[in-house]
Amino acid sequence: MRTLCIILFIFMSEMVGAQTIERKIDINNLVKFKIESFGDIIISKGEEESVRIVYEEEYKRYIKIDKNDDNIHIYIDANRIPKQSPKLFISIKEMKSLKIINCGDIKLNNIDIDSLDLLISSCNNIYLDNITLSSGDFYLKSSDNIVFSNVNINIGHLKIAACKDVALFLSSKSIKMGIKASDDVNIKGKISNLSLSFSTIDEVNVDASFDKAIISSKCANIFKLSANTSKDLDLSICYSKKIVIGGKLNKFILNTSSCNDLYLVGESSKFIYNNLGVDKCNMECFTYNHK
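One structure accompanies this document, and this report is about it. Predicted, not measured: the structure shown is a model, and the values here were computed from it.

### Here's the deal with the overall build of the chain
So, step 1. When helices and strands are counted, the chain shows one helix and 15 strands.
So, step 2. Counting all 291 residues of the chain, 40% fall into the buried class.
So, step 3. For the chain, restricting intrachain contacts to residue pairs at least 6 apart in sequence, the fraction spanning at least 24 positions comes to 23%.
So, step 4. As displayed, the chain offers around 15,200 Å² of accessible surface, 47% of which is attributable to carbon and sulfur atoms.

Quick look at the structure:
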């Protein structure tokens, strides 16, 4: 008991003695930003560009900042990253390129800019909320959960690899997406022109409206698609245990290969089906004019 009290006293002394420091860095005309080995990062749009670092005194010597014209590189120079890594709060006006590697939770909030190339790798959870871009090129990999809320990308590319659960609520005029080696994937929103490919996913749920969509899925155990409206849907599914497709489909082309159960509900004015291997096909609730 005495030993336990001593340990608790030392622990509490360290907690009381720890001093939190805030350091502000002014940046102007930010174009490229690279961040490595920090804790949580929060990025939002503001009237001025700045970086605020919150850290404890013992980590001061590890924080490194390289500034070169309109580029900035902030990183922790240590072989072993502390559990309570310094946090970053970033305010931007415009930015072209953002790279974040080996950090904690990443949050981008209330950002309305022209374009952004975004790379996030080996982080915890990734959150994008109220984002508007004319064009965007996103590559998110080797992280935990990904959540998009009210993300509007006029023209974009999105690649996700080796993450956990993925929930995307977005709108776009034209977007190309590829998602592989993840757990559950949920996509909602309105997309005029969609090119989408999945591979090695546990469960895929797509609940969206689109004018034209080309979707291919390989090795997704469960694939569900519900289209509120679709003028042109081209869907290819391979190696799935269960497929459920429904909605109002004007032109619907379906290709299946090496799948188990297929369920079709809803209606289509033109339906073309190439069955290269489905064990059970149920179309009792599906209305179409076969041509």
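There is more to say, and it comes next.
### Digging into the packing of aromatic side chains
So, step 1. In total, this model carries four aromatic pairs according to the counting rule given.
So, step 2. Between phenylalanine 138 and phenylalanine 148, the aromatic rings sit 6.3 Å apart at their centres with planes inclined by 80°, giving edge-to-face as the arrangement. Taken together, the residues phenylalanine 138 in strand β10 (residues 126-141) and phenylalanine 148 in strand β11 (residues 146-161) connect sequence positions 10 residues apart. The exposure classification of phenylalanine 138 matches that of phenylalanine 148, with both residues buried.

### Details of the pairing of strand β2 (residues 32-36)
So, step 1. Only one face of β2 is buried, namely the one carrying Phe33 and Ile35, since none of Lys32, Lys34 and Glu36 on the opposite face is buried.
So, step 2. One ladder, built from five bridges, connects β2 with strand β6 (residues 71-76); its direction is parallel. The residue bridging lysine 34 from the neighbouring strand is histidine 73, located in β6.
So, step 3. Note that β2 and strand β8 (residues 97-101) share five bridges and pair parallel. Its bridge partner being in β8, lysine 34 is matched across the sheet by lysine 99.

### Some thoughts on unusual backbone geometry
Peptide bonds are, in most cases, trans, and in most cases residues other than glycine have a negative phi.
So, step 1. At alanine 181, a position not held by glycine, the phi torsion is positive, near 55°.
So, step 2. On the secondary structure map, alanine 181 appears in strand β12 (residues 166-238).
So, step 3. The phi torsion at serine 258 lies on the positive side, around 55°, for a residue other than glycine.
So, step 4. Tracing the chain through its elements places serine 258 in the loop between β13 (242-257) and β14 (259-275).

### So, the state of the cysteines
So, step 1. Counted under the stated rule, the structure contains zero disulfides.
So, step 2. Between cysteine 103, a free cysteine, and cysteine 123, which holds the nearest cysteine sulfur, the sulfur-to-sulfur gap is 4.9 Å.

### Some remarks on the pattern of salt bridges
Where charged atoms of side chains with opposite charge meet at close range, the side chains can pair.
So, step 1. A full pass over the atoms with the stated rule returns five salt bridges.
So, step 2. With a closest N to O distance of 3.9 Å, aspartate 114 and lysine 96 form a salt bridge. Residue aspartate 114 is located in strand β9 (residues 106-121), and its partner lysine 96 is located in the loop between β7 (87-92) and β8; the two are separated by 18 residues in the primary sequence.
So, step 3. Ionic pairing is found between lysine 164 and aspartate 144, a salt bridge with its closest N-O pair at 3.6 Å. Residue lysine 164 is found in the loop between β11 and β12, and its partner aspartate 144 is found in the loop between β10 and β11; the two are separated by 20 residues along the sequence.
So, step 4. Take lysine 164: its relative accessible area is 41%, and that puts it in the partly exposed class.
So, step 5. Residue aspartate 144 is classed as partly exposed on the basis of its relative accessible area of 22%.

### Description of the pairing of strand β4 (residues 50-56)
So, step 1. Most of β4 sits inside the fold, with five of its seven residues counted as buried.
So, step 2. Summarising the sheet, β4 and β7 pair through five bridges and their orientation is antiparallel. Bridging from a neighbouring strand, arginine 52 pairs with phenylalanine 89 of β7.

Basis of the calculations
- Residues numbered from 1 in each chain as written.
- Predicted model: local features only at pLDDT ≥ 70, side-chain atom pairs only at ≥ 80, totals over all residues.
- Heavy atoms only, no water.
- Helix = DSSP H or I, 4+ residues; strand = E, 2+ residues; numbered from the N terminus.
- Buried < 20%, exposed > 50% of the residue type's maximum accessible area, 1.4 Å probe, protein only.
- Contact = heavy atoms within 4.5 Å.
- Areas by Shrake-Rupley, 256 points an atom, 1.4 Å probe, with all protein chains shown as cover.
- Phe/Tyr/Trp six-rings, centres within 6.5 Å; stacked < 30°, edge-to-face > 60°.
- Pairing = 2+ DSSP bridges.
- Disulfide = S-S within 2.5 Å.
- Salt bridge = Lys/Arg side-chain N within 4 Å of Asp/Glu carboxyl O.

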